[in-house]
Amino acid sequence: MLRVARSLSARHTFAMGKDAQVRATFADGADEGRLQYEAPKLLFRGARRRLFEGEALKGVRAEGADLVLADGSRFTLGEKPAASWADAISNPKGRLDKIGVKPGMRVAILGVADETLTAELAGRDAAPVNDLIGLDLLFYAADSAEELARMGALVPALADRGALWIVSRKGKAATVKDIEVMAAAKAVGLVDNKVVGFSETLTALRFVRRKS
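Here the residue numbering is sequential within each chain, running from 1 through the sequence in written order. The predicted origin of the model limits local features to residues at a pLDDT of at least 70 and limits the giving and counting of side-chain atom pairs to 80 or more, whereas totals for whole chains, interfaces and linings rest on all residues. The basis for every side-chain value is the complete set of heavy atoms in the structure, and neither hydrogens nor water enter the calculation.

(A) View of the pairing of strand 12 (residues 202–209). A simple rule labels every residue: compare its accessible area, found with a 1.4 Å probe on the protein chains alone, to the largest value its type can have, and call it buried under 20%, exposed over 50%, or partly exposed in between. To qualify as a helix, a DSSP run of H or I must reach at least 4 residues; to qualify as a strand, a run of E must reach at least 2; elements of each kind are numbered from the N terminus. Most of strand 12 is tucked away: seven of the eight residues are buried. DSSP calls a pair of strands paired once it identifies at least 2 bridges connecting them. Relative to strand 12, strand 10 (residues 158–169) runs antiparallel, the two sharing six bridges. Each bridged residue has a counterpart across the sheet, and for Trp-165 the counterpart in strand 12 is Arg-206. In the sheet, strand 11 (residues 190–196) pairs with strand 12 via six bridges, with the strands oriented antiparallel. Bridging across to strand 12, Leu-190 finds its partner in Arg-209.

As structure tokens, this is what we get:
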């Protein structure tokens, strides 16, 4: 029987955030570009790249259709989106909230290198189990075609409504593409329904059984 692989190295809490095309106003003028929030960073990509984090995000607020930062920077999002962005930045959700971990869930980890994940799960009363039976959540590290090919063997370990999280390196360090992960999952009867920035270096795709 497959056994749980214990975590190996520290990660930070990150989760997939928000993304929008906006008009922006800064102290040095106006601009237009892409605004992205992935806790704990707010990134604007326009004529000039601007990164806001830490103290720069304290006191963020919504004023009508604008998201307003402490330094006066404004991003026009629309009234409801601006309020939503301000709340998300002021009250960031933890990784487990984004993933959907609830107390009492049966959870297992296979190959995911993360020293803090086990402790986070235990703190949520969802400590990892060793027996891969009736799992609500299974985190599986896959960074090669060979590891993706093993996904089919993991499906029987899931409860009827259980989810398989495929955790892979992201950015320049990525060795498999999202499209490859999704193709491997589709081949064994799974469909993707969520993506989370698992950490600064890892991304995670959530898969569930295809409804008949």
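Structure's up, so let's keep going.
(B) How the structure looks around the packing of aromatic side chains. Pairing of aromatic rings covers Phe, Tyr and Trp, the last counted by its six-membered ring, and requires centre-to-centre distances within 6.5 Å; plane angles under 30 degrees mean stacked, over 60 mean edge-to-face, and any other angle means tilted. Inspection of the entire model under this criterion finds five aromatic pairs. Judged by centre distance (5.9 Å) and plane angle (45°), the rings of Phe-44 and Phe-75 are tilted. With a gap of 31 residues between them, Phe-44 in strand 3 (residues 41–45) and Phe-75 in strand 7 (residues 74–76) connect regions that are remote in the sequence. The two residues Phe-44 and Phe-75 agree in class, both being buried. Centre to centre, the rings of Phe-139 and Phe-198 are 6.0 Å apart; their planes meet at 55°, and the pair counts as tilted. With Phe-139 in strand 9 (residues 135–141) and Phe-198 in the loop between strand 11 and strand 12, the pair connects residues that are 59 residues apart, well separated along the chain. The two residues Phe-139 and Phe-198 agree in class, both being buried.

(C) Layout of the pattern of salt bridges. Within this document, salt bridges are pairs made up of a side-chain nitrogen of Lys or Arg and a carboxyl oxygen of Asp or Glu, the two lying within 4 Å of each other. Summed over all chains, the structure comprises 12 salt bridges. Between Arg-34 and Asp-19 there is a salt bridge whose closest N-O contact spans 2.6 Å. Of the two residues, Arg-34 sits in strand 2 (residues 29–38) while Asp-19 sits in strand 1 (residues 18–26), which places them 15 residues apart along the sequence. Between Arg-124 and Asp-97 there is a salt bridge, with the nearest N and O atoms lying 3.3 Å from each other. Within this pair, whereas Arg-124 is found in the loop between helix 3 (115–123) and strand 9, its partner Asp-97 is found in helix 2 (residues 95–99), the two being separated by 27 residues in sequence. Exposure remark for Arg-124: the relative accessible area of 24% places this residue in the partly exposed category. Salt bridges sharing common partners tie together Arg-61, Glu-63, Asp-66 and Arg-74.

Nothing here speaks to function; it is geometry throughout.
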